[in-house]
Every structure is written in structure tokens, then in C-alpha cells.
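Reading the structure
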Amino acid sequence: IAVLLLGIDQQEDILAALGYDAADYLILSIADRLCHLEITNEDKPARFSSDKFVLMLKNINSMDEIFNYANIMLRSLHNPFLVKGKEIFINPCL
């Protein structure tokens, strides 16, 4: 079993600049992208805290698989999110 914890560093900045509705919309948009990843049928991400998501990978055979899943998660969040008519780029970290 491997556990990946993904954090969104700018959540507080977005909250301060655009308000709660925009920050909530951004979190929902992030969750939507993560839930549509090509990972496995069993392994789905979940929100862990206000600005963190977790993914538990059950059938891992190597570190390369973990790195592959981590890269898939990070690439899925590379493109900007449209929030209140503004493109928002996030800086996720694992």
C-alpha cells in the first residue's frame, strides 16, 4: 500500500483574493480532475483537509508505479482552472 498526499499551497491566497465561493469552487474543480484520472478502478482520491487530497494505492509492486501515479496527479493539475472568469494556476505538492 502507498499513500500519496497532495497539497494545494495557494488555497489561502485564493481565499483572501477571491472569497470563499471561489476557493470552494476551485477545490471542487481540483477534486473533479483528480476523480477522472486514469489510475485504477479501486483507487480514488479523497479530500483530506481544506487544501489536501489523499490517494491510497492498494496494489503497488514498485516505487516506479508510485512515481507514475504521482506524476499523473501532478500533470492533471498543470492546466489553469477558470474561477470567477480568471485563470488560476495552482502549485500542487506531494
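No experiment lies behind these values; they were computed from the predicted model shown.

What counts and how
- Residues numbered from 1 in each chain as written.
- Predicted model: local features only at pLDDT ≥ 70, side-chain atom pairs only at ≥ 80, totals over all residues.
- Heavy atoms only, no water.
- Phe/Tyr/Trp six-rings, centres within 6.5 Å; stacked < 30°, edge-to-face > 60°.
- Lys NZ or Arg CZ within 6 Å of the ring centre and 35° of its normal.
- Buried < 20%, exposed > 50% of the residue type's maximum accessible area, 1.4 Å probe, protein only.
- Helix = DSSP H or I, 4+ residues; strand = E, 2+ residues; numbered from the N terminus.
- Arc of directions from axis to C-beta.
- Contact = heavy atoms within 4.5 Å.

**A closer look at the packing of aromatic side chains**
Considering all chains together, one arrives at 0 aromatic pairs under this definition. Above the plane of the ring of Phe81 lies Arg33, whose end atom (NZ or CZ) is 3.6 Å from the centre.

**Quick look at helix 1 (residues 11-18)**
Along helix 1, the positions that sit buried rather than exposed are Gln11, Ile14 and Leu18. All buried residues of helix 1 project into a common sector of 65 degrees when viewed along the axis, lining one side. Looking at helix 1, the residues exposed on the side facing more than 90 degrees away from the buried face are Glu12, Asp13, Ala16 and Ala17. In this structure, the buried residues of helix 1 make contact with strand 1 (2-8), helix 2 (20-35), strand 4 (81-83) and strand 5 (86-88). Of the residues one or two after helix 1, Gly19 is the one with positive phi, at around 95 degrees.

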